Amino acid sequence: MPGNGSLNGDEAAIRAAAEQIAAARYCTALTGAGISKESGIPTFRGEGGLWTRQGEPPMNGYQLFLEDPRGWWLERLEQQRNPPEFAKAIATARPNPGHLALAQLEQRGFLKHLISQNVDGLHLDAGSTRLTEIHGNRRKLRCIACGRRGPARDFGEDDVPPHCDACGGIVKADTVMFGEPIPRAFIDACFAEAAKSDLMLVIGTSATVHPAADLPLQVLRRGGAIIEMNVDATPFSAYATVSLRGPAGVLLPQVVQALDSFDPRPERPAV
Ligand code: NAD
Ligand code: ZN
């Protein structure tokens, strides 16, 4: 029943969320910067957000990279010596109870796939394996010619920009830059998961960045439901069957605990 969401994180709302997760045929989740806030990584938007405090960065980052990949890499190497706030926070962050709860939901068979907009790698650290990082991963590099991804490796300033071992193409950070098309394989994987979902948990995201924000819309359009977990209202709050208001690191463990009395449905093939 879109529009009938419970606007709190009380026991009844937690229980309602758990019931829907247990009853779902194929439940997926979309996470955003909010789930990592309790790990000490600032969000971009909203109260205390990096952009709220420092202003938005240029939106043509990829074009700037293509114009001068060597300059971009030299700046990045310099930043490794003197990391800005966001990089420093990511370097030391550990998964919080919200990340761990999502990994448990997967292990217990309730969560079939997790799509994260985050680049911090904390879902991997928490143990999630059925995971698509739609905006890439800060600890990886990617070739702009053949798309090959690999762990970040050391290279010196005389090897800048680094080149791909497989095809010789220019290598960039795996994280998707502003103005850069998201790699086709990431997008296709995410929309295939959304198409299978009769329930999507939308957690800690302002749901304003596309195409990630289109994923819950697709679930709704196909007759599925969404459960939202966020400290604030978002454009999806009005459409959520349950809208839990609070920190993801508090709400998610409560939902996992409430699921103790339910068995997951066996996985069925996609419709
Ligand atoms: P956003 O910064 O636009 O929005 C964050 C959302 O999280 C807001 O709706 C806010 O109300 C909510 N929130 C804040 N604290 C929360 C908490 N403790 N529990 C639950 N919700 C909370 O982030 P976005 O929607 O993910 O999109 C912005 C883009 O920025 C994404 O592409 C994302 O990859 C990137 N980003 C990534 C990181 C990261 O990797 N950790 C951090 C900042 C931004
Ligand atoms: Zn290559």
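Before any of the text, the structure's been laid out above.
Residues numbered from 1 in each chain as written. Chains lettered and ligands numbered in written order. Predicted model: local features only at pLDDT ≥ 70, side-chain atom pairs only at ≥ 80, totals over all residues. Heavy atoms only, no water.

Turning our eyes to something else, we now look at the packing of helix 6 (residues 97–107) against helix 10 (residues 248–258). At their nearest, the axes of helix 6 and helix 10 sit 7 Å apart, and the two run at 30 degrees to each other. Between helix 6 and helix 10, the angle is such that the two are roughly parallel. In the crossing of helix 6 with helix 10, the sense of the turn from one axis to the other is left-handed. Mapping the contact onto sequence places P97, G98, A101, L102, Q104 and L105 in helix 6 and A248, G249, L252, P253 and V256 in helix 10. The class makeup of the residues in the contact of helix 6 with helix 10 is eight nonpolar, three polar and no charged. (Axes fitted to C-alpha atoms, helices over the stretch in contact; angles between N-to-C directions. Helix = DSSP H or I, 4+ residues; strand = E, 2+ residues; numbered from the N terminus. Parallel < 35°, antiparallel > 145°, perpendicular 65-115°, else oblique. Left-handed = near helix turned anticlockwise from the far one by under 90°. Contact = heavy atoms within 4.5 Å. Nonpolar A, V, L, I, M, F, W, Y, C, P; charged D, E, K, R; others polar.)

The immediate surroundings of ligand 1 are formed by 28 residues, with A33, Q117, D120, H135 and N230 found nearest. In the environment of ligand 1, an oxygen atom lies 2.9 Å from a nitrogen or oxygen atom belonging to the backbone of F44. Between T205 and ligand 1, the recorded distance is 2.8 Å, taken from a side-chain N or O atom to an oxygen atom. Tallied by class, the residues present in the shell around ligand 1 amount to eleven nonpolar, twelve polar and five charged. (Near = heavy atom within 4 Å. Polar contact = N/O pair within 3.5 Å; in protein donor to acceptor, adjacent residues only side chain to side chain.)

We now examine the layout of surface pockets. Considering only enclosed or pocket space, the second largest pocket measures out at about 190 Å³ in volume. Forming the walls of the second largest pocket are L141, R142, C143, R148, R149, G150, P151, R153, H163, C164, D165 and V171. When the residues that make up the lining of the second largest pocket are grouped by side-chain class, the tally is five nonpolar, two polar and five charged. (1 Å grid on protein atoms, 1.4 Å probe; cavity = no way out; pocket = protein on both sides within 12 Å on 5 of 7 lines; lining within 4 Å. Points joined across faces, edges and corners; volume = space filled by probe spheres on them.)

The next thing to look at is the packing of aromatic side chains. Going through the model one piece at a time under the given rule, you end up with six aromatic pairs. Summarising the aromatic geometry, the rings of F65 and W72 are spaced 5.4 Å apart at their centres and angled 85 degrees between planes, so their arrangement reads as edge-to-face. Exposure remark for F65: the relative accessible area of 0% places this residue in the buried category. Ring geometry for W72 versus W73: centroids 5.0 Å apart, planes at 90 degrees, classification edge-to-face. W72 gets classed as partly exposed once you look at its relative accessible area, which sits at 24%. Put simply, the rings of F44, W51, F86 and F178 pair up and form one aromatic cluster. (Phe/Tyr/Trp six-rings, centres within 6.5 Å; stacked < 30°, edge-to-face > 60°. Buried < 20%, exposed > 50% of the residue type's maximum accessible area, 1.4 Å probe, protein only.)

In spatial order, the strands read 3-2-1-7-8-9; together these six strands make up an open sheet with parallel pairing. In this open sheet, the two edge strands, each paired with only one partner strand, are strand 3 (131–133) and strand 9 (242–245). Along the sheet, successive strands turn relative to each other by an average axial angle of 15 degrees, direction set aside. Contacts between helix 8 (residues 184–196) and the sheet are confined to strand 1 (27–31), strand 2 (113–116), strand 3 and strand 7 (199–203), with strand 3 contributing the most and set at about 135 degrees to the helix. (Pairing = 2+ DSSP bridges.)

From the geometry alone we can't say anything about function, so treat these as descriptive.
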